[in-house]
Amino acid sequence: MTNERLLAPTPAATYRWRWPALAALLLAEAMNVLDATVVQVAAPAIHADLGGSVSGIQWFTTAYTLPFAVLLITGGRLGDIAGRRRVFVIGVTGFLLASTACALAPSAGLLTAFRVVQGAVAAVIIPQTIGLIKAMFSGDEMSKALGGIGPVMGLAAVCGPVLGGVLTHADLFGSSWRAAFLVNVPVSVAVLAIAPKMPEVRAPKRPALDLVGTLLAMIGTGLVVRPLIGGDIATLSGWGRGAVVAGLLVMVLFGLHQRRAAAGSRSPLVEPSLFARRSFSAALVTSAVFFAVTNGLMTVVVLHLQLGLGTDVLDAGLTLAPWPVGLAVASWLAGAHLVRRYPHHTMSIGLAVLLAGVLAAIAVYRTADPTACPMPLLLALGLVGLGVGLFGPAFFTLALQPLRPQEIGSAAGLLNAVQQLGATLGVAVLGSVYLGNAAYGGPSAALHAVQVAFWVAVALVAVSFGAARMMVVP
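Residues numbered from 1 in each chain as written. Predicted model: local features only at pLDDT ≥ 70, side-chain atom pairs only at ≥ 80, totals over all residues. Heavy atoms only, no water.

Visitor: How do you make sense of the packing of helix α3 (residues 56-82) against helix α4 (residues 84-104) when you look at a structure like this?
Guide: Between α3 and α4, whose axes approach to 8 Å, the crossing angle comes to 150°. Taken together, the residues of α4 that come into contact with α3 (itself represented by Y64, G76, L78, G79, D80 and A82) are R84, R86, V87 and F95. When the residues that make up the contact of α3 with α4 are grouped by side-chain class, the tally is five nonpolar, two polar and three charged. (Axes fitted to C-alpha atoms, helices over the stretch in contact; angles between N-to-C directions. Helix = DSSP H or I, 4+ residues; strand = E, 2+ residues; numbered from the N terminus. Contact = heavy atoms within 4.5 Å. Nonpolar A, V, L, I, M, F, W, Y, C, P; charged D, E, K, R; others polar.)

Okay, here's the thing in structure tokens:
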């Protein structure tokens, strides 16, 4: 049976290319998730080179994560309809071209536009991974293969700023920040070289695309996020408040459309049966708020280091290094030893350690010299990483555990989408809290601004605690 004719899973014992293909899939996942954060350290250097408003620093990240979040489920549907390998190859090719365009962008506006394209094609790539893995693996091998997705995505997300700082500082061939995008070119070529060895697989019953639902989701989230970028959250203008309200109303309309589509036996973008369980709704809230905290705090630390203290990109990237180190250690500990025996306690402990790290960072900033980066901050960021690493494996295990097999695909796509949406809102809200308070001028104002942003994060972690509790209470 040829790869082109394969529409059902291939027994692992007979599919000899499964491990190289898995490596390519995980590499593509890492590349796409890493690009959501790789510009966070490089963004001030991009702004200095290309100009534009200060809010452009946030848009360089948000322009990627917003379409990434909204189009993830639609991307999965495209794989069901046209074939997962085919859509995967198209997505990786598009990502290669969009990355090249980003690297060559002559202005901040064009870079932002190309980042939108990058995020859209990333949303096409990521959903194909699970389906292709299931087509190549079975039994214990499938569990091992699927088990690699979470750690790879988690490490890629938090290693992005470090890599962005290192590449920008290295200034390879005079490329400066552009190297952060050019690195995707050889990676994409390597993935495309292995992609023909993957089987073709599509859903036995092809779903329809919910174009109306996708459009409503894009409009609603865009209206909510746009006024939060670069402004003072506490003093939004009249149009800003109106846009947020309009966006929320559009999201209500989106929910009504989904219910009507399901009642009419059409294919809704989101499976309504998922919301019959309070635990899954609580999981969505937990995911959105948690990833808003982690991505927002990373942005705030970078903004303070580079705009408030004038730190160069390499030092900014290395300052964040304890975070991925802590995450890697805690993820291994949780996945190998804790989650199977104590999933609820592991998730709660992860949130508690995250909160301890955020409070430790606030204590460090309170006594810090306004003109220098405090070294004890490295320990606090390492503690934050430990909390993130403990939380992740336990959270996804608990979120998917009570679902029926036919709901897993839709639920996983929705959780990934909400994760990216939370990251987008975190960058928008916490970044704007910092910029709004630091705008009053001087190192002391910047030091005060970073503390305010971290206190907002404390409040959000408390919300995560409450939502996580709803996940485990019958």
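Visitor: When you look at helix α11 (residues 211-225) in this model, what are you seeing that I'm missing?
Guide: In an α-helix, one full turn covers 3.6 residues, which means residues spaced three or four apart are oriented alike. Taking 1.5 Å of rise per residue, the 15 residues of α11 would be expected to cover 21 Å, and the 21 Å separating its terminal C-alpha atoms lies within 8% of that figure. For α11, the complete set of buried residues consists of G213, T214, L216, A217, G220, T221, V224 and V225. One side of α11 holds all its buried residues, which, seen down the axis, span an arc of 165°. (Expected span 1.5 Å × (residues − 1). Buried < 20%, exposed > 50% of the residue type's maximum accessible area, 1.4 Å probe, protein only. Arc of directions from axis to C-beta.)

Visitor: For this particular structure, what's the right way to read unusual backbone geometry?
Guide: The general pattern is negative phi for most residues beyond glycine and trans for most peptide bonds. With a phi angle near 55°, F173 is a residue other than glycine that sits in the positive phi range. Along the chain, F173 falls in the loop between α8 (149-170) and α9 (179-182). A relative accessible area of 90% means that F173 is categorised as exposed. Non-glycine residue S176 carries a positive phi angle of around 50°. Summarising the element assignment, S176 is placed in the loop between α8 and α9.

Visitor: Can you help me understand the nonpolar core in this one?
Guide: As a rule of thumb, nonpolar side chains are buried together in soluble globular proteins. Counting residues in each nonpolar core, the largest one holds 135 residues, and the members touching the most others are F88, L111, L320, W323, V358, Y434 and F454. Of the residues forming this core, the biggest block, 14 residues, is contributed by helix α13 (residues 278-308). When residues no more than four places from it in sequence are discounted, the contact partners of F88 are L25, A28, I125, Q128, L132, V191, A195 and M198. (Core = buried A, V, L, I, M, F, W, Y, C linked by side-chain atoms within 4.5 Å.)

Visitor: Looking at this structure, I do not really get a nonpolar patch on the surface. What am I missing?
Guide: Judged by side-chain polarity, V252, L253 and L256 come together as a nonpolar surface patch covering roughly 270 Å² of accessible area. Assignment of secondary structure puts L253 in helix α12 (residues 238-263). (Patch = residues over 30% accessible without salt bridge, like charges linked within 9 Å, V, L, I, M, F, W, Y side chains within 5 Å. Areas by Shrake-Rupley, 256 points an atom, 1.4 Å probe, with all protein chains shown as cover. Salt bridge = Lys/Arg side-chain N within 4 Å of Asp/Glu carboxyl O.)

Visitor: When you look at the packing of aromatic side chains in this model, what are you seeing that I'm missing?
Guide: The description of an aromatic ring pair rests on the distance of the ring centres and on the angle between the ring planes. Counted by the stated rule, this structure contains six aromatic pairs. Both rings, one in F290 and one in F291, keep their centres 5.2 Å apart while their planes meet at 85°; by these two values the pair is edge-to-face. Like F291, F290 is buried. Between Y365 and F454, the ring centres sit 5.6 Å apart and the planes meet at 65°, which makes this aromatic pair edge-to-face. Placement of the pair is Y365 in helix α16 (residues 343-366) and F454 in helix α19 (residues 442-472), with a sequence separation of 89 residues. A single burial state applies to Y365 and to F454, both of which are buried. (Phe/Tyr/Trp six-rings, centres within 6.5 Å; stacked < 30°, edge-to-face > 60°.)

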